[in-house]
Amino acid sequence: MSMKQESEVGRKVESNAKLAVVIMAAGKGTRLKSNRPKVLHEIGGKSLLAHVIDAASQVVAPADIYAVVGHQAERVRKAVAGTGIRFVEQTEQLGTGHAIQCARKAIAGYDDILVLSGDVPLIRPEHITELWRYHQAQRAAMTLVSAEPEEPTGYGRVLHTTPGSPVVVAIVEQKMLTPAQLTLREINMGLYAFKTTPLLAYLDKLTTDNPHGELYLTDMAAVLAAAGERVVALKTEDPAALMGANTLAELVALDATLRAATASHLMAQGVTIFRPETCVIDAGVEVAVDTVIEPFVQLLGNTKIGTECLIRSCSVIENCTLGNDVLIRQSCVLEGSTVLDGAKIGPFAHLRPGSEIGQDAHVGNFVETKKAKLGKGVKAGHLTYLGDTEVGEGTNIGAGVITCNYDGVNKHTTRIGKDVFVGSDSTLVAPVTVEDGAYIGAGSCITKTVPADALAIGRTRQVNMEGWAAAKRADQTAKK
Ligand code: UD1
Ligand code: CA
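First, a word on what this report is: a plain description of the structure on this page. (Residues numbered from 1 in each chain as written. Chains lettered and ligands numbered in written order. Predicted model: local features only at pLDDT ≥ 70, side-chain atom pairs only at ≥ 80, totals over all residues. Heavy atoms only, no water.)

### A closer look at the site of ligand 1
Working step 1: Taken together, 24 residues are adjacent to ligand 1, and Gln90, Gly95, Thr96, Glu173 and Asn188 come closest.
Working step 2: One of the backbone nitrogen or oxygen atoms of Gly27 is found 2.9 Å away from an oxygen atom of ligand 1.
Working step 3: With respect to ligand 1, the backbone of Leu94 contributes an N or O atom lying 3.5 Å from an oxygen atom.
Working step 4: Contact with the protein chains removes 89% of the 760 Å² of surface that ligand 1 exposes when unbound.
Working step 5: Put simply, the parts of the chain that give the shell around ligand 1 at least two residues each are helix 4 (96-102) and strand 10 (187-195).
Working step 6: Ranked by the residues each element gives to the shell around ligand 1, the list is headed by strand 10, at three residues.
Working step 7: Looking at side-chain class alone, the shell around ligand 1 contains eight nonpolar, 12 polar and four charged residues. (Near = heavy atom within 4 Å. Polar contact = N/O pair within 3.5 Å; in protein donor to acceptor, adjacent residues only side chain to side chain. Areas by Shrake-Rupley, 256 points an atom, 1.4 Å probe, with all protein chains shown as cover. Helix = DSSP H or I, 4+ residues; strand = E, 2+ residues; numbered from the N terminus. Nonpolar A, V, L, I, M, F, W, Y, C, P; charged D, E, K, R; others polar.)

Here it is, written out as structure tokens:
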């Protein structure tokens, strides 16, 4: 059983009640000062909204998850279309309460709804199920998650009937706090469970009587409490995981938290990461035991790295698969490529998408590959471009060799067989084939097939003119 399956068992909520999750994701994110919608900003290599959807999808089916979209709605929908969730449109963003009013039709058929924020990305499935279990056990109309962090400023504060009681009478937003209420430390984390019937019955009681002129979902606490409905708070011991990001500084802090957790997790599994705080590792990256990662490395996307590899400083590896015993020397850039066991890459090599580097092959400094398949033991040590190319086992590519794959309109393939020797500074004008065992003289321009075991020389012959230089020098001296 994989770890994921094991932990999922504890997360599933056993109840006959029909449950939906609503994720509020329509806001512009004014405080980010960005043209990109807030929920599409990324931490750990994934958008804020995708993180929240991931957590929610482990609790309810994607068809029961509704994202409220509004600001740049099309862009947001497109970004998470693959998840299978549904969408509700909030054309004008008149507040979090209005967001739920817009979801009225979608949620009417459910017994309970859980409301999450698209800008609280560190949330885990356990937080969601714990909230729902508590909400059901309390038989509440509304349950909110609260916390008492060191610094409550900026968050809504939770008011109770009596200190120590879970029963809530109101949530007061920062700007509405009276001087006396400024000392209140219990904050609203923006995560709620509602019984659908009372929610829909009183949802229109919200008013815009606040400094932003918005419909605050938080005001439902006072509205429901005044109507005699039960409103309670579940105090979390883990507020760090439920922090929202309203500014770029807060977003970057969440990114650091998430990446630190990813690095710790890899180290716990036997991966050595020197100076992990300098490395940028996405959550989906897999690394096997005894691999060593030096400072300032970036491992991104769905990269997978085998055992006993060494990834030296300043290399950036995105969506790649590396076998075992692979050495990536300093400052390499690898994208969408495969590197087989024992290969050595770099320093300063660039593997572009579609490169496949064979077992024990060597791709050295200032070598660029693109859609290039290099067989076992191939050596391309220095200053080379291999694009749209196949290179057979044991072939040696000399320094400065270029495959001319582009004729200005189309790309063409270069086929180089096994055990070929391509002399330095040769150009291979594609489409062209060099058969097994052939030998190409240095500085050649190869435009037609080189037969197996032949020698090809594609350059003018050298001419030596005896005494020419000495005569020229003598002539110049005489003229002075
Ligand atoms: C909200 C809470 C605050 C709580 C904090 C926790 C309100 C009024 N306040 O404040 O009590 O302490 O979260 O992080 O709810 N959104 C929409 N449509 C809108 C407005 C917002 O979908 O019309 C979405 C946003 O995209 C965002 C979420 O709702 O994902 C929360 O909105 P935001 O403006 O970030 O609320 P906060 O000021 O953080
Ligand atoms: Ca927020």
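### Overview of the pattern of salt bridges
Working step 1: Taken as a whole and assessed by the stated rule, the structure comprises 16 salt bridges.
Working step 2: Measuring nitrogen to oxygen at the nearest pair gives 2.8 Å for the salt bridge that ties Asp282 to Arg259. Separated by 23 residues along the polypeptide, Asp282 in the loop between strand 13 (280-281) and strand 14 (286-287) and Arg259 in helix 9 (residues 248-268) bring together distant segments of the chain.
Working step 3: Given the relative accessible area of 13%, Arg259 is considered buried.
Working step 4: Put simply, Glu368 and Arg352 hold a salt bridge, and the shortest N to O gap is 2.6 Å. Of this pair, Glu368 sits in strand 28 (residues 368-374) while Arg352 sits in the loop between strand 25 (350-351) and strand 26 (356-357); the two residues are 16 residues apart in sequence, bridging distant segments of the chain.
Working step 5: Taking relative accessible area as the criterion, Arg352 reaches 25% and is therefore assigned partly exposed.
Working step 6: Beyond isolated ion pairs, a larger network of salt bridges with shared partners links Glu74, Arg77 and Glu89. (Salt bridge = Lys/Arg side-chain N within 4 Å of Asp/Glu carboxyl O. Buried < 20%, exposed > 50% of the residue type's maximum accessible area, 1.4 Å probe, protein only.)

### Here we look at the pairing of strand 1 (residues 19-24)
Working step 1: Within strand 1, six of the six residues are buried, leaving the element largely enclosed by the surrounding structure.
Working step 2: Side chains Leu19, Val21 and Ile23 project from strand 1 onto one buried face, and the interleaved Ala20, Val22 and Met24 project onto a second face that is buried too.
Working step 3: One ladder, built from six bridges, connects strand 1 with strand 6 (residues 112-117); its direction is parallel. Pairing of Ile23 across the sheet is with Leu116, part of strand 6.
Working step 4: In terms of strand pairing, strand 1 meets strand 4 (residues 65-69) through four bridges, oriented parallel. Bridging from a neighbouring strand, Ile23 pairs with Ala67 of strand 4. (Pairing = 2+ DSSP bridges.)

### A word on helix 9
Working step 1: In this model, helix 9 (21 residues) spans 30 Å end to end at C-alpha, consistent with the 30 Å of a helix rising 1.5 Å per residue.
Working step 2: Next to the buried residues of helix 9 lie strand 2 (42-43), helix 2 (48-57), strand 12 (272-273), strand 13 and strand 14.
Working step 3: Downstream of helix 9 by a residue or two, Gly270 has a phi angle that is positive, lying close to 100°. (Expected span 1.5 Å × (residues − 1). Contact = heavy atoms within 4.5 Å.)

### A short note on the sheet that holds strand 34 (residues 421-422)
Either a parallel or an antiparallel arrangement is found when strands of a sheet pair, and the pairing is made through backbone hydrogen bonds.
Working step 1: Across the sheet, 11 strands lie side by side as 12-15-18-21-24-27-29-31-34-37-39; this open sheet has parallel pairing. Strands with a single pairing partner mark the edges of an open sheet, and in this sheet they are strand 12 and strand 39 (455-456).

### Considering the packing of aromatic side chains
Working step 1: Tallying each qualifying case throughout the model produces four aromatic pairs.
Working step 2: The side chain of Lys18 reaches across the aromatic face of Tyr110, ending 4.6 Å from its centre.
Working step 3: The lysine or arginine in question, Lys411, covers the ring of Tyr406, its NZ or CZ lying 5.1 Å from the ring centre. (Phe/Tyr/Trp six-rings, centres within 6.5 Å; stacked < 30°, edge-to-face > 60°. Lys NZ or Arg CZ within 6 Å of the ring centre and 35° of its normal.)

### Looking at the pairing of strand 11 (residues 231-235)
Working step 1: Judged by how many residues are buried, strand 11 sits mostly within the fold: four of five residues are covered.
Working step 2: Summarising the sheet, strand 7 (residues 142-147) and strand 11 pair through five bridges and their orientation is parallel. Directly across from Ser146, in strand 11, lies its bridge partner Lys235.

### Things to note about the coordination of the calcium ion (ligand 2)
Working step 1: At this site the calcium ion (ligand 2) is bound by Asp119 (OD) and Asn246 (OD1), with donor distances of 2.3 to 2.6 Å. Of this pair, Asp119 sits in the loop between strand 6 and helix 6 (125-137) while Asn246 is found in the loop between strand 11 and helix 9, placing the two residues 127 residues apart along the sequence.
Working step 2: Given the relative accessible area of 14%, Asp119 is considered buried. (Donors = N, O, S within 2.8 Å, 3.2 Å for Na, K, Ca; no water.)

### Overview of unusual backbone geometry
Working step 1: Cis geometry is found at the peptide bond from Gly346 to Pro347, where omega equals 5°.
Working step 2: Tracing the chain through its elements places Pro347 in the loop between strand 24 (344-345) and strand 25.
Working step 3: Cis geometry marks the peptide bond from Ala430 to Pro431, where omega comes out at 0°.
Working step 4: Checked against the element boundaries, Pro431 lands in the loop between strand 35 (427-429) and strand 36 (432-434).
Working step 5: Phi is positive for Gln72, close to 50°, though the residue is something other than glycine.
Working step 6: Located in the positive-phi region is Ser331, a residue other than glycine, with phi close to 60°.
Working step 7: Since its relative accessible area comes to 23%, Ser331 is described here as partly exposed.

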